[in-house]
Amino acid sequence: MALSSRRDAPQPPDFSFLKRLARDQLIYLLEQLPGKKDLFIEADLMSPLDRIANVSTLKQHEVDKLYKLENKPIVSTCNQLCFLIRPRIQTVKWIAEIVNTDKAAGRLRGYKIIFCPQKFYACEIVLEEQGVYGDVSTDEWAFYLLPLDDDIISLELPEIFRDNFLEGNQRWITTASKSLHLLNSLYGPFLKVYGIGRSAKMTYDMWRDLVEDGEQKTQQPEIGNVFLIDRDVDFVTPLCSQVVYEGLVDDTFRIKCGSVEFSPEVSSSDKSVKVMLNSQDKVFSEIRNEHFSNVFGFLSQKARNLQTAYDKRCGMDIKQMKNFVSQELKGLKQEHRLLSLHIGASESIMKKKTKQDFQELLKTEHSLLEGFEIRECITYIEEHINRQVSMIDSLRLLCLLSLTENGLLPKDYRSLKAQYLQSYGTEHLLTFANLRQLGLLVEQNPGETLTAMESKVGKLVNDRTAGKLTDAFSSLAKKSNFRALSKKLALVPKSGEEYDLRTPRDMAYIFSGAYIPLSCKLIEQVLERGGWTGLEEVTRLLNGNEFVATAGSSEEVKPRSDSQNTILVMFLGGCTYSEISALRFLGKERGYRFIIVTTAITNSARLLEALLDS
């Protein structure tokens, strides 16, 4: 049942130093406000902070009370207030209001704002406009990277997806490039950097500027090659239903900062139980990348093995029993507890998926990916919408239909859009505009936008120049081209062939053998070819922006084979647990160790929720 291994992959670098670095910097910033202080923490920073510095650590550095920042009047009586926040204008306005309220009441306090991971000029402008710039000290907690596991690092910045890809706000490119620079400084120098996507290219260019401006160090690299990939290069993968265990746990219970809260139904107790999901969990580490159909068989075998281990007690003498209790019993009890939780989680997932007619849903998705029985798929989507099964799932199926068919026929688009708005509310009109802008849900109206563009350009330049500009705009148009890409990269295995999910032969197993994720297939192809040579037609269909660059100086440092086979993949805009499982499989097959760095862990629900406007 375990994934086959052809070559031993190198051990991953020790990323625990990233946590120590972040903790030490936070302590230093807190000590810049000497004396007792109350700390207000923004909600989405509480979980990352808990992984870095616990309450007792904060108390040791004169933090009196901790509050969750809730944008309402505060009750603190402390004379010093410290705010740990994201650089958001609304939050800064709320803090300015607190300062002005205190000033009007004649109360003198000390105020410090710590922006994480960086402060933006717009936030300082707000403080100035509100008249409190001189009353508040500001600083940055350059907490860029949170190690979630041995091979997963997250920036924990889900807003990057909407800001960057929908709104065109590129302020987070600096954050991405600085996080890459930090990894290069600690675990590099990197040897080669491959990338695809506009944001990936911008991140690389900004990172190179940081490298050239900084002090050059000669050290033995621990990470050899780097991939930078934009999320909009592959939207199909995050819109497919996850069927590997870790992905299903995330979809069902929401994994947050590497931990999950199992409900009393799962834990078989009176209260919820919080569990860290990483390679330290012996049960989870063996099933996290498995197709869900294999999980119950593994858990049953594990239960039998545990029972056998417990049964060893029978017939032991006193000395053997003593050794058993001191050396094995604690580990067995811990494993038993985790096994019980994962069995409960699996049962809960099964109940939910059965209610949703999960098999029928998967069949529709696979038909869309293969391009078969499209009219039947549209009928299924219409029923899904009209029965109001799930607002997000209905939207997901619509987007998957559009992406795989390179847009919808106008009559289908209008009909499905009307049915969706009737079922879930006309307030979602703006959502459809967002999806259209990103190319996730569009009509097959070739030339409409370009014709309007041509008419404007034609007034300024001659026809010949206008034609050239039209070609340029055409290359930038948001098109899926999924069918052509699928054919060229063999993303969809031939139908009719039996696919053994117990002994998978390629990365398609993460989607029940129906589809190899485009993002992961690109990585595989580039590694095989040593670059983008031979993939010119593929990159053209993906709107280009691919690049390859030698990052480190091979003359100064001779890399070990371990570092050359340790590959860092950075997803700008989020990645899914399915993609992580696929890359782990590829690594075991080819002897690579993949380190996943992502702006956030995402899935279809989180990706679409970021685009909702109602």
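The sections below set out a description of the structure shown in this document.

This next bit is on the nonpolar core. In terms of nonpolar packing, the biggest core is built from 132 residues, with Trp141, Leu440, Val569 and Phe594 touching the most fellow members. Take this core: its biggest share by element is eight residues, from helix 17 (residues 391–404). Each residue touching Leu440, except ones within four places of it in the same chain, is listed here: Phe235, Leu239, Cys399, Ser402, Leu403, Leu435, Leu607 and Leu611. Core analysis: the second largest hydrophobic core is formed by 31 residues, Leu182, Tyr187, Phe190 and Tyr204 among them.

What follows concerns the pattern of salt bridges. Applying the stated rule across the entire model yields 30 salt bridges. Measuring nitrogen to oxygen at the nearest pair gives 2.7 Å for the salt bridge that ties Arg396 to Glu365. One end of the pair, Arg396, is in helix 17; the other, Glu365, is in helix 15 (residues 358–370), and 31 residues separate them in sequence. We note that Arg396, like Glu365, is buried. Measuring nitrogen to oxygen at the nearest pair gives 2.9 Å for the salt bridge that ties Arg590 to Glu524. Here Arg590 is found in helix 26 (residues 577–590), whereas its partner Glu524 is found in helix 23 (residues 518–529), with 66 residues between them in sequence. Arg590 sits in the partly exposed class, given a relative accessible area of 24%. Accessibility expressed as a relative area gives 9% for Glu524, which makes it buried.

This part takes up the pairing of strand 13 (residues 566–572). Burial analysis of strand 13 places seven of its seven residues in the buried class, the great majority of the element. Side-chain alternation along strand 13 places Thr566, Leu568, Met570 and Leu572 on one buried face and Ile567, Val569 and Phe571 on a second face that is also buried. As paired strands, strand 9 (residues 225–230) and strand 13 are joined by six bridges and run parallel to one another. Looking at strand 13, one finds that Asp230 is bridged to Leu572. Handedness of the crossover is the feature at issue here: the chain leaves strand 13, passes through helix 26, returns alongside strand 14 (residues 593–598), and the resulting connection is right-handed.

This next bit is on the sheet that holds strand 2 (residues 63–69). In a beta sheet, neighbouring strands are held together by backbone hydrogen bonds and run either parallel or antiparallel to one another. Pairing within the open sheet is parallel, and its five strands lie in the order 2-1-3-4-5. Edge positions in the sheet fall to strand 2 and strand 5 (136–140), since each has one partner strand and no second. Geometrically, the sheet is characterised by an average inter-axis angle of 20° between neighbouring strands, direction not taken into account. In this structure, strand 1 (residues 37–42) lies alongside strand 2, joined through five bridges in parallel fashion. Paired with Leu39 across the bridge in strand 2 is Leu66. In this fold helix 4 (residues 89–104) packs onto strand 1, strand 2, strand 3 (80–85), strand 4 (110–115) and strand 5, with an angle of close to 170° to the strand it touches most, strand 3.

Residues lying three or four places apart along an α-helix face the same way, a consequence of the helix completing one turn every 3.6 residues. Over its 15 residues, helix 7 (residues 173–187) extends 21 Å from the first C-alpha to the last, a length consistent with the 21 Å expected when each residue adds 1.5 Å. Within helix 7 the residues assigned to the buried category are Ile173, Thr175, Ala176, Ser177, Ser179, Leu180, Leu182, Leu183, Asn184 and Tyr187.

When you line up the elements, His366 lands in helix 15. Of the residues examined, His366 reaches a relative accessible area of 19% and is grouped as buried. As a C-alpha pair, His366 and Cys240 span 126 residues in sequence and 9.1 Å in three-dimensional space. When near neighbours in sequence (up to four residues on either side) are disregarded, His366 contacts Phe511, Ser512 and Ala514.

In the segment running from Cys116 into Pro117, the intervening peptide bond is cis, with an omega of 0°. Structurally, Pro117 is set in the loop between strand 4 and helix 5 (121–129). Cis geometry marks the peptide bond from Gly188 to Pro189, where omega comes out at 5°. Along the chain, the position of Pro189 falls in the loop between helix 7 and strand 8 (192–196). Positive phi, normally seen in glycine, also occurs at Asn71, with a value near 55°. Along the chain, Asn71 falls in the loop between strand 2 and strand 3. With a relative accessible area of 41%, Asn71 lands in the partly exposed category.

The subject of this paragraph is the pairing of strand 6 (residues 146–149). Where strand 6 lies against strand 7 (residues 152–154), three bridges are found, and the strand directions are antiparallel. For Asp149, the partnering residue across the bridge sits in strand 7 and is Ile152. Between strand 6 and the antiparallel strand that follows it, strand 7, lie two residues.

What follows deals with the side chain of Glu159. In this structure, Glu159 sits in helix 6 (residues 159–166). Beyond its immediate sequence surroundings of up to four residues, Glu159 is in contact with Arg86, Arg88 and Trp172.

What follows concerns the packing of aromatic side chains. In the structure shown here, the tally under the stated rule is 23 aromatic pairs. Seen in terms of ring centroids, Phe15 and Tyr187 are 4.9 Å apart; in terms of plane orientation they differ by 70°. Their pairing is edge-to-face. With Phe15 in the segment before helix 1 (16–31) and Tyr187 in helix 7, the pair connects residues that are 172 residues apart, well separated along the chain. Taken as a pair, Phe15 and Tyr187 share a single burial class, namely buried.

Here we come to a positive patch on the surface. Residues Lys68, Arg254, Lys256 and Lys274 make up a contiguous surface patch of positive charge. For Arg254, the position within the fold is in the loop between helix 10 (245–253) and strand 10 (259–262).

What follows is about helix 26. In this model, helix 26 (14 residues) spans 20 Å end to end at C-alpha, consistent with the 20 Å of a helix rising 1.5 Å per residue. Burial analysis of helix 26 places twelve of its 14 residues in the buried class, which makes it a mostly covered element. Of the residues making up helix 26, those classed as buried are Tyr577, Ser578, Glu579, Ile580, Ser581, Ala582, Leu583, Arg584, Phe585, Leu586, Gly587 and Glu589. At its buried positions, helix 26 is contacted by strand 7, helix 9 (236–239), helix 10, helix 23, strand 13 and strand 14. In the stretch just after helix 26, Gly591 is the one whose phi turns positive, near 80°.

What counts as what
- Residues numbered from 1 in each chain as written.
- Predicted model: local features only at pLDDT ≥ 70, side-chain atom pairs only at ≥ 80, totals over all residues.
- Heavy atoms only, no water.
- Core = buried A, V, L, I, M, F, W, Y, C linked by side-chain atoms within 4.5 Å.
- Buried < 20%, exposed > 50% of the residue type's maximum accessible area, 1.4 Å probe, protein only.
- Helix = DSSP H or I, 4+ residues; strand = E, 2+ residues; numbered from the N terminus.
- Contact = heavy atoms within 4.5 Å.
- Salt bridge = Lys/Arg side-chain N within 4 Å of Asp/Glu carboxyl O.
- Pairing = 2+ DSSP bridges.
- Right-handed = clockwise from strand over helix to strand, strands pointing away.
- Axes fitted to C-alpha atoms, helices over the stretch in contact; angles between N-to-C directions.
- Expected span 1.5 Å × (residues − 1).
- Phe/Tyr/Trp six-rings, centres within 6.5 Å; stacked < 30°, edge-to-face > 60°.
- Patch = residues over 30% accessible without salt bridge, like charges linked within 9 Å, V, L, I, M, F, W, Y side chains within 5 Å.
- Areas by Shrake-Rupley, 256 points an atom, 1.4 Å probe, with all protein chains shown as cover.
- Lys, Arg positive; Asp, Glu negative; His and termini not counted.
- Charge placed at Lys NZ, Arg CZ, Asp CG, Glu CD.

Scope: geometric values only; no functional claims are made or implied.
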